[in-house]
Amino acid sequence: MEVSPVYMQGDDSEQDRPAYPRLFPTGEARKSDHLKAGLCVDFPVSVVLPAGGTGERTGLQTPKQFCPCLGRPLISYTVESFERVSWIQTIVVVVAKENIGLMMDIIQRFQHKKVLVVPGGSTRHRSICNGVAALGEQRRPAAHKPKVVIIHDAVRPFVDEDFLHKIAMAAKEQGAAGAIRPLVSTVIATTSEGYLDHSLERAKYRASEMPQGFTYDVICEAYKKCTESDFEFGTECLHLALQYCGTNAKLIDGPPTLWKVSVKTTFETRTMLCKKVFICGNMTVSSFPGTDSVTPVLSGANFQQTVMRKL
Ligand SMILES: Nc1ccn([C@@H]2O[C@H](COP(=O)(O)OP(=O)(O)OP(=O)(O)O)[C@@H](O)[C@H]2O)c(=O)n1
Ligand SMILES: O=P(O)(O)OC[C@@H](O)[C@@H](O)[C@@H](O)CO
């Protein structure tokens, strides 16, 4: 799929960024943390953030990824989460053509780095495919074709570097890896008349979340071989890797905060949570509708393990 990427890059130096909520330690502190935590990656990793949707289910005028959250578009938090990860080379943001100007403005305003903006497609798979293709066409001297591509919905702002590291390493070993979470409700199949057909044994199933990781070759082959029906109706990249490459993804239990903003109420809950997670390094997590907070005071890094989200 030919895409003409629109490119904006900032250098990697820790320039004076605007004083706004930060997620990860910066500079030397961050690098030494990596060494301590063993978060070293010795192969090129890039990210594709599909952000080309309209957010219909929220009922909001503005696509949810661009909705303001504490005065800052939701997508800016997600981009920052990845640009703070030193072993990530390029962040491809895939947006609808009509939103490319808006995305470039967000990059400028919040001084985001390492970002490549690419036009999206009519479905999520088509957008992701455009983003992956753009990684193979990079002409920047320093840009290497990635060994691993992480795919992460732009409307999931809470992404944890430790977990990204697990996904990247597993994807390199297995060819594909994905985040899962336990189901909190039983899944049922309905008849066309709207009655119960059958229910699934909940213990045997998991919710597929993001981030997911793939070797570049696997995800490229999967999108090369998949059908128009996959592009039109599919919602699961791991399935494409299995179906078209015979690559069985390693599934990794993710933290409770791998939410996707899908409907209006989740956006409101995320906004309140963004206030806690992004504004303060240390914070008091009070109960939110639908979440059980179990620890009175958390450091930002421990947040993920502690807030239990009950959907
Ligand atoms: N043509 C599309 C459709 C979706 N997405 C992105 O895929 C992610 C997850 O999709 P979803 O939550 O379904 O977003 P929307 O399609 O925007 O939501 P809705 O289905 O309510 O319209 C989002 O970041 C969305 O922007 C995309 O890049 N291109
Ligand atoms: O585009 P939708 O939100 O309908 O589906 C996206 C989800 O399927 C995806 O984010 C994860 O569940 C894993 O694939």
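An unreviewed UniProt entry lists the chain under the name D-ribitol-5-phosphate cytidylyltransferase, with Xiphophorus couchianus as the source organism. The heading Subcellular location (unreviewed entry) in the UniProt record of the chain holds the text "Cytoplasm, Cytosol". Recorded in UniProt for the chain, the comment headed Pathway (unreviewed entry) runs: "Protein modification; protein glycosylation."

Trainee: I keep staring at the site of ligand 1 and nothing clicks. Help me out?
Mentor: Around ligand 1 sit 19 residues, and of these Pro50, Gly52, Gly55, Arg57 and Ser127 come closest. Contacts to ligand 1 include Gly52, whose backbone N or O atom sits 2.7 Å from an oxygen atom. Ser127 has a polar side-chain atom sitting 2.8 Å from a nitrogen atom of ligand 1. Among the elements of the structure, strand E2 (45–51) and helix H4 (124–136) are those that each provide at least two residues to the shell around ligand 1. For the shell around ligand 1, the class distribution of residues is 4 nonpolar, 9 polar and 6 charged.

Trainee: Teacher, can you tell me more about unusual backbone geometry here?
Mentor: Trans is the prevailing form of peptide bonds, just as negative phi is the prevailing case for residues other than glycine. The omega torsion of the bond from Met210 to Pro211 falls at 10°, within 30 degrees of zero and hence cis. By secondary structure assignment, the location of Pro211 is in strand E11 (residues 206–215). Here the phi dihedral of Leu70 falls at roughly 60°; this positive angle occurs in a residue that is not glycine. Following the sequence through the fold, Leu70 ends up in the loop between strand E3 (68–69) and strand E4 (72–73).

Trainee: Explain the side chain of Asp153 here, please?
Mentor: Summarising the element assignment, Asp153 is placed in the loop between strand E7 (148–151) and helix H5 (161–174). Looking at Asp153, its side chain comes within polar contact range of the side chain of Arg124, at 3.0 Å. If we ignore the near neighbours within four places in the chain, the residues touching Asp153 are Pro50, Thr78, Arg124, Met210 and Lys260.

Trainee: Got a minute to help me understand the site of ligand 2 in this structure?
Mentor: Taken together, Arg57, Arg124, Asp153, Arg156, Ser208, Glu209, Met210, Gln212, Thr235, Glu236 and Lys260 make up all the residues around ligand 2. Arg57 is positioned such that a nitrogen or oxygen atom in its side chain is 3.1 Å from an oxygen atom of ligand 2. One of the backbone N or O atoms of Thr235 is found 2.9 Å from an oxygen atom in ligand 2. Considered on its own, ligand 2 offers 370 Å² of accessible surface; in the complex 78% of this is hidden by protein. A per-element tally of the shell around ligand 2 places E11 first, with 4 residues. For the shell around ligand 2, a count of residues per class yields 1 nonpolar, 3 polar and 7 charged.

Trainee: Would you explain the packing of aromatic side chains in this entry?
Mentor: Enumeration over the complete set of coordinates arrives at 2 aromatic pairs. Here the aromatic rings of Tyr223 and Phe231 are separated by 5.7 Å at their centres, their planes lie at 15°, and the arrangement is stacked. Accessibility classification places Tyr223 together with Phe231 in one group, the buried group. For Arg72, the ring lying beneath its charged end belongs to Tyr77, and the centroid distance is 4.4 Å.

Trainee: Looking at this model, I keep getting lost on H4. Mind explaining?
Mentor: Residue pairs three or four apart in sequence face the same way in an α-helix, which turns once every 3.6 residues. When the terminal C-alpha atoms of H4 are compared, their 19 Å separation across 13 residues agrees well with the 18 Å that a helix rising 1.5 Å per residue should span. Of all the 13 residues making up H4, 11 are buried; the element is thus mostly covered by neighbouring parts of the structure. His125, Arg126, Ser127, Ile128, Cys129, Asn130, Gly131, Val132, Ala133, Ala134 and Leu135 are the residues of H4 that are buried.

Trainee: Is there a simple way to explain the environment of Lys264 in this structure?
Mentor: Its place among the elements puts Lys264 in helix H9 (residues 264–279). The contacts of Lys264, once residues within four sequence positions are left out, are Arg57, Thr58 and Leu60.

Trainee: Teacher, can you tell me more about the packing of H4 against helix H6 (residues 216–225) here?
Mentor: Any two packed helices are characterised by how steeply their axes cross, that is the angle between the axes, and by the distance between the axes. Where H4 meets H6, the axes come as close as 10 Å, and the angle between the chain directions of the two elements is 130°. In terms of axis orientation, H4 runs oblique to H6. Relative to H6, H4 is oriented so that their crossing is left-handed. Listed contacts from H6 to His125, Ile128, Cys129, Val132, Ala133, Leu135 and Gly136 of H4 are Tyr216, Ile219, Cys220 and Tyr223.

Rules used in this analysis
Residues numbered from 1 in each chain as written. Chains lettered and ligands numbered in written order. Predicted model: local features only at pLDDT ≥ 70, side-chain atom pairs only at ≥ 80, totals over all residues. Heavy atoms only, no water. UniProt positions renumbered as here; feature names shortened; annotations may be inferred. Near = heavy atom within 4 Å. Polar contact = N/O pair within 3.5 Å; in protein donor to acceptor, adjacent residues only side chain to side chain. Helix = DSSP H or I, 4+ residues; strand = E, 2+ residues; numbered from the N terminus. Nonpolar A, V, L, I, M, F, W, Y, C, P; charged D, E, K, R; others polar. Contact = heavy atoms within 4.5 Å. Areas by Shrake-Rupley, 256 points an atom, 1.4 Å probe, with all protein chains shown as cover. Phe/Tyr/Trp six-rings, centres within 6.5 Å; stacked < 30°, edge-to-face > 60°. Buried < 20%, exposed > 50% of the residue type's maximum accessible area, 1.4 Å probe, protein only. Lys NZ or Arg CZ within 6 Å of the ring centre and 35° of its normal. Expected span 1.5 Å × (residues − 1). Axes fitted to C-alpha atoms, helices over the stretch in contact; angles between N-to-C directions. Parallel < 35°, antiparallel > 145°, perpendicular 65-115°, else oblique. Left-handed = near helix turned anticlockwise from the far one by under 90°.

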